[in-house]
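# Understanding the architecture of this molecule
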Amino acid sequence: MKIATIIVRVLLGLALTASALTFFLGMMPKDAMLGAGGQFVGAMMLTGVFGFVKFCELAAGFMLLSGFQVPLAMLIWFPINIVVVLFHTMMVPFNPAVFVFLLLTLFLAWVYKSNFAPIFNTGNAWSSQK
């Protein structure tokens, strides 16, 4: 299981890092998307949100590659991954590759589930602080 975790972590880290670097190095395709997807990406580019998302993606990718603070990298990456999945299922033609990233993310979340347990604590937060 440890080897599978390392393989998945490195694969996901490489994919995130490569995706972010294509943006920062100006290697992203310049062809305009049509429809709602194009409007969404255009608005994100115009406002600078896309650059921030790619910066977060790069940070999470480096953290996954190095193995440093993997649960934090997952917290950074997971909301971005959800938006990517929704974007590719609702706004542009279906791309099954996004579900591979979702499965890799969910696998790592399952492996590191003990790190996320306090987030889902259903007890009274005030009673545990003394």
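For the structure, see preceding data.
A brief look at the structure comes next. (Residues numbered from 1 in each chain as written. Predicted model: local features only at pLDDT ≥ 70, side-chain atom pairs only at ≥ 80, totals over all residues. Heavy atoms only, no water.)

Moving on, we come to the side chain of Asn81. Structurally, Asn81 can be placed in helix H4 (residues 70-90). The residues touching Asn81, leaving out its near neighbours within four places in the chain, are Val98, Phe101, Leu102 and Thr105. (Helix = DSSP H or I, 4+ residues; strand = E, 2+ residues; numbered from the N terminus. Contact = heavy atoms within 4.5 Å.)

Within the chain, Gln69 stands out as a residue other than glycine whose phi angle is a positive 55 degrees. Mapped onto the secondary structure, Gln69 falls in the loop between helix H3 (49-66) and H4. The class for Gln69 is partly exposed, based on a relative accessible area of 41%. (Buried < 20%, exposed > 50% of the residue type's maximum accessible area, 1.4 Å probe, protein only.)

With that settled, the discussion passes to helix H1 (residues 2-24). Compared with an ideal rise of 1.5 Å per residue, which puts 23 residues at 33 Å, H1 spans 33 Å between its outermost C-alpha atoms and is within 8% of the ideal. Within H1, the full set of buried residues consists of Thr5, Val8, Arg9, Leu12, Gly13, Leu16, Thr17 and Ala20. (Expected span 1.5 Å × (residues − 1).)

Another point: the layout of surface pockets. Space inside the largest pocket adds up to approximately 1,000 Å³. Met28, Phe50, Lys54, Phe87 and His88 are, among the 34 residues lining the largest pocket, the residues nearest its centre. Within the residue set of the lining of the largest pocket, elements represented by two or more residues are H1, helix H2 (35-47), H3, H4 and helix H5 (97-111). Per-class residue counts for the lining of the largest pocket are 24 nonpolar, 6 polar and 4 charged. Each pocket or cavity is described by its volume, and for the second largest pocket that value is around 160 Å³. Every residue along the wall of the second largest pocket is listed here: Met74, Leu75, Phe78, Thr105, Leu106, Ala109, Phe116, Ile119 and Phe120. Those elements that place two or more of their residues in the lining of the second largest pocket are H4 and H5. Class assignment for the residues of the lining of the second largest pocket results in 8 nonpolar, 1 polar and no charged. (1 Å grid on protein atoms, 1.4 Å probe; cavity = no way out; pocket = protein on both sides within 12 Å on 5 of 7 lines; lining within 4 Å. Points joined across faces, edges and corners; volume = space filled by probe spheres on them. Nonpolar A, V, L, I, M, F, W, Y, C, P; charged D, E, K, R; others polar.)

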